[in-house]
Amino acid sequence: MEKVFKAAVVVFVVAAAAFFYFGKIDGVFIALVLASMSFFLSVRVQVKKRLAEREREAELLGEFEGSPANEDLGSEAREDHEREV
């Protein structure tokens, strides 16, 4: 999806250049607005993908670092557990 938005940016910038060449200033504005929207949507897709990867890594690390049962213990139970270990 990210590549689709990047390709759209290129298409809209080329369209803006063509509109500018033919003197259609309104077309230039619209094409550049669409290009900027496509650019920011591609950035949004990248950020969502990165966040999903980080969440997956955090879930995997959470499974291996300790059991969820130990995280739910109260402070007193946690201290007792630490003394035992």
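The coordinates are above.
Residues numbered from 1 in each chain as written. Predicted model: local features only at pLDDT ≥ 70, side-chain atom pairs only at ≥ 80, totals over all residues. Heavy atoms only, no water.

Colleague: Describe the packing of aromatic side chains, listing the residues and the values that go with them.
Modeller: Following the criterion strictly, the structure yields 2 aromatic pairs and no others. Between Tyr 21 and Phe 22, the aromatic rings sit 5.2 Å apart at their centres with planes inclined by 80°, giving edge-to-face as the arrangement. Phe 22 shares its class with Tyr 21; the two are exposed. Aromatic side chains Phe 39 and Phe 40 sit 5.2 Å apart centroid to centroid with 70° between the ring planes, which places their arrangement in the edge-to-face category. Residue Phe 39 is classed as partly exposed on the basis of its relative accessible area of 43%. (Phe/Tyr/Trp six-rings, centres within 6.5 Å; stacked < 30°, edge-to-face > 60°. Buried < 20%, exposed > 50% of the residue type's maximum accessible area, 1.4 Å probe, protein only.)

Colleague: An account of the side chain of Ser 42 is needed here, citing residue identities and associated values.
Modeller: Along the chain, the position of Ser 42 falls in helix 2 (residues 25–65). For Ser 42, a relative accessible area of 3% puts it in the buried group. Residues within four places of Ser 42 in sequence aside, it is in contact with Glu 2, Phe 5 and Lys 6. (Helix = DSSP H or I, 4+ residues; strand = E, 2+ residues; numbered from the N terminus. Contact = heavy atoms within 4.5 Å.)

Colleague: I'd like to hear about helix 1 (residues 2–21), residue by residue, with values.
Modeller: Here helix 1 spans 29 Å end to end across 20 residues, near enough to the 28 Å set by a 1.5 Å rise per residue. Glu 2, Phe 5, Ala 8, Val 9 and Ala 16 are the residues of helix 1 that are buried. Taken around the axis of helix 1, the buried residues stretch over an arc of 110°, which confines them to a single face. Those residues of helix 1 that are exposed and angled more than 90 degrees off the buried face are Lys 3, Val 4, Val 10, Val 11, Val 14 and Tyr 21. One or two residues past the end of helix 1 sits Gly 23, with phi positive at roughly 80°. (Expected span 1.5 Å × (residues − 1). Arc of directions from axis to C-beta.)

Everything listed here is a matter of coordinates, which is why it stays silent on function.
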